[in-house]
Amino acid sequence: MFEFMVALKSQGFMQNAVIIGLFASVACGIMGTYVVVKRIVFISGGISHTVLGGMGIAYYYGYHPIYGAVVSALVAAIVIGLVSLRYHQYEDTIIGALWAIGMAVGILFIYKTPGYNIDLMSYLFGNILMVDKGSVYLVASLDALIIALVLLFYKRFLAVCFDEEYSQLQGIGVVTTYLLLLCLIALTIVILIQVVGIILVIALLTLPAATARYYVRSLGQMMILASLLGAVFTTSGLIVSYQPNLPAGATIIVIAGLAYLLATVFKGLASRVHGHRDKGTHEKMAGLEQGCKITES
């Protein structure tokens, strides 16, 4: 702990790592909540793995990989969202295809890039210690965009997550709202890739929210607690990994996973002691939020 504090005070790369970890926690807390309650983890996984294709193409043509990640994530979100809404029977197949094609295209372009730089592979497994100031500013901007849109469309997102048929009856554009939600999730995935990498991104997107759901009674509370837990997980991962020189991204996920498992066990024991089962997150929050008047903005 002491060595970490010394490094944090004197080394710019460590300061960047902590800051971007905190920014990422806000995004994953907010959007991870939607992923958990809407049960679209597999869709999020498809988007995250498709991102490598865009990163490889951008790197091949001399652009920063993060720009390719943004474009490919948004395209994947729109394609998967449209298929999910209109051709639900083909959803798993399309997601699996995009997942595989994105990874394969990324690897091909990385392989053909002149003077191939192995640092690009850190995006697969994450290297939070290598982020620069530019990445910090980019993540902060994406955070601001996510927060602004969630505040603006909170009731619409709430309606689409819990009852699409009721949303249509209320005149809410389900297709556009759902696609916007997926695009925000895609941008969040881009943020998290810099922290834990493509392989582990879904864990950080879902584990804080999945843990938070055991202790809250509304969607807003779940977002706040998930963001706080994400901040604890990322900061703790950096502290624990520093002295033994462990991969920070993997350490963060191990801590988040252990916290989720402990929370699950504790909740199960508490339910047994009280002699009843706790309501599922979807049912409980739907009941608590149904009094919220849903109208077009």
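Everything quoted here is computed from the prediction, not taken from an experiment.

1. Some remarks on the overall build of the chain
Then comes step 1: Helices and strands together make up the secondary structure of the chain, namely 13 helices and zero strands.
Then comes step 2: Its helices and strands in sequence order give the chain the pattern α-α-α-α-α-α-α-α-α-α-α-α-α, from N to C terminus.
Then comes step 3: Counting over 297 residues, the chain shows a buried share of 49%.
Then comes step 4: Taking all contacts inside the chain whose residues are at least 6 apart in sequence as the whole, residues at least 24 apart take part in 77%.
Then comes step 5: In the structure as shown, the chain presents an accessible area of about 14200 Å², 67% of it carried by carbon and sulfur atoms.

2. Section: the packing of aromatic side chains
Then comes step 1: Scanning all chains against the criterion turns up six aromatic pairs.
Then comes step 2: Centre to centre, the rings of Tyr60 and Tyr61 are 5.0 Å apart; their planes meet at 85°, and the pair counts as edge-to-face.
Then comes step 3: A relative accessible area of 34% places Tyr60 in the partly exposed class.
Then comes step 4: Given a relative accessible area of 55%, Tyr61 falls into the exposed group.
Then comes step 5: Judged by centre distance (5.3 Å) and plane angle (80°), the ring pair of Tyr60 and Phe109 falls under edge-to-face. Linking Tyr60 in helix α3 (residues 41-60) with Phe109 in helix α5 (residues 91-112), this pair joins segments that are 49 residues apart in sequence.
Then comes step 6: Look at Phe109 and you get partly exposed, because its relative accessible area is 24%.
Then comes step 7: These aromatic residues form a ring-pair network of at least three members: Tyr34, Phe153 and Phe157.

3. Things to note about the nonpolar core
Nonpolar side chains in soluble globular proteins tend to end up buried together.
Then comes step 1: Of all hydrophobic cores here, the largest spans 82 residues; its most connected members are Met31, Tyr34, Ile47, Val150 and Ile185.
Then comes step 2: At 24 residues, helix α10 (residues 174-212) tops the list of elements feeding residues into this core.
Then comes step 3: With near-sequence residues (within four places) excluded, Tyr34 lies in contact with Arg39, Ile40, Val150, Tyr154, Phe157, Cys161, Leu181, Leu219 and Met223.

4. A few points about the side chain of Thr113
Then comes step 1: Along the polypeptide, Thr113 turns up in the loop between α5 and α6 (122-125).
Then comes step 2: In terms of polar contacts, Thr113 uses its side chain to reach the backbone carbonyl oxygen of Phe109, at 2.6 Å.
Then comes step 3: Residues within four places of Thr113 in sequence aside, it is in contact with Tyr59 and Tyr60.

5. Examining helix α12 (residues 248-274)
Then comes step 1: The terminal C-alpha atoms of α12 lie 39 Å apart, and with 27 residues this matches the ideal 39 Å at 1.5 Å per residue to within 8%.
Then comes step 2: Regarding α12, the residues found buried are Ala248, Gly249, Thr251, Ile252, Ile253, Ala256, Gly257, Ala263 and Ser271.
Then comes step 3: In this fold, the buried residues of α12 make contact with α10 and α11 (219-242).

6. Looking at the packing of helix α8 (residues 154-162) against α10
Then comes step 1: Look at α8 against α10: their axes get within 10 Å of each other, and the N-to-C directions meet at 100°. When the axis of α8 is compared with that of α10, the two are roughly perpendicular. Contacts between α8 and α10 pair Arg156, Phe157, Val160 and Cys161 from the former with Val174, Thr177, Tyr178, Leu180, Leu181 and Leu184 from the latter.
Then comes step 2: Considered class by class, the residues forming the contact of α8 with α10 number eight nonpolar, one polar and one charged.

7. Looking at unusual backbone geometry
Then comes step 1: Unusually for a residue other than glycine, Arg39 sits at a positive phi of about 60°.
Then comes step 2: Its place among the elements puts Arg39 in the loop between α2 (12-38) and α3.
Then comes step 3: Owing to a relative accessible area of 66%, Arg39 belongs among the exposed residues under this scheme.
Then comes step 4: In this model, Asn245 sits at a positive phi of 60°, which is unusual for a non-glycine residue.

8. Brief notes about the confidence of the model for the chain
Then comes step 1: Per-residue pLDDT for the chain averages 84, and the proportion of residues at 70 or more is 88%.
Then comes step 2: When mean pLDDT is taken per element in the chain, α11 scores highest with 93 and helix α13 (residues 281-289) scores lowest with 50.
Then comes step 3: In the predicted structure, residues 291-297 sits below a pLDDT of 50 and forms 14 contacts with residues beyond four places in sequence or in another chain.

9. Brief notes about the side chain of Thr177
Then comes step 1: Checked against the element boundaries, Thr177 lands in helix α10.
Then comes step 2: With residues up to four places along the chain from it excluded, the contact list for Thr177 reads Arg156, Phe157, Val160 and Ile172.

10. Points about the packing of helix α7 (residues 133-152) against α10
Then comes step 1: Here α7 crosses α10 at 155°, and the two axes come no closer than 10 Å. With respect to their mutual orientation, α7 and α10 come out roughly antiparallel. For the pair α7 and α10, the sense of crossing is left-handed. Residues Ser135, Val139, Leu142, Asp143, Leu145, Ile146, Leu149 and Val150 of α7 touch α10, and the partners they reach there are Leu180, Leu184, Leu187, Thr188, Ile191 and Gln194.
Then comes step 2: For the contact of α7 with α10, the class distribution of residues is 10 nonpolar, three polar and one charged.

About the criteria used
- Residues numbered from 1 in each chain as written.
- Predicted model: local features only at pLDDT ≥ 70, side-chain atom pairs only at ≥ 80, totals over all residues.
- Heavy atoms only, no water.
- Helix = DSSP H or I, 4+ residues; strand = E, 2+ residues; numbered from the N terminus.
- Buried < 20%, exposed > 50% of the residue type's maximum accessible area, 1.4 Å probe, protein only.
- Contact = heavy atoms within 4.5 Å.
- Areas by Shrake-Rupley, 256 points an atom, 1.4 Å probe, with all protein chains shown as cover.
- Phe/Tyr/Trp six-rings, centres within 6.5 Å; stacked < 30°, edge-to-face > 60°.
- Core = buried A, V, L, I, M, F, W, Y, C linked by side-chain atoms within 4.5 Å.
- Polar contact = N/O pair within 3.5 Å; in protein donor to acceptor, adjacent residues only side chain to side chain.
- Expected span 1.5 Å × (residues − 1).
- Axes fitted to C-alpha atoms, helices over the stretch in contact; angles between N-to-C directions.
- Parallel < 35°, antiparallel > 145°, perpendicular 65-115°, else oblique.
- Nonpolar A, V, L, I, M, F, W, Y, C, P; charged D, E, K, R; others polar.
- pLDDT = per-residue confidence, 0-100.
- Left-handed = near helix turned anticlockwise from the far one by under 90°.

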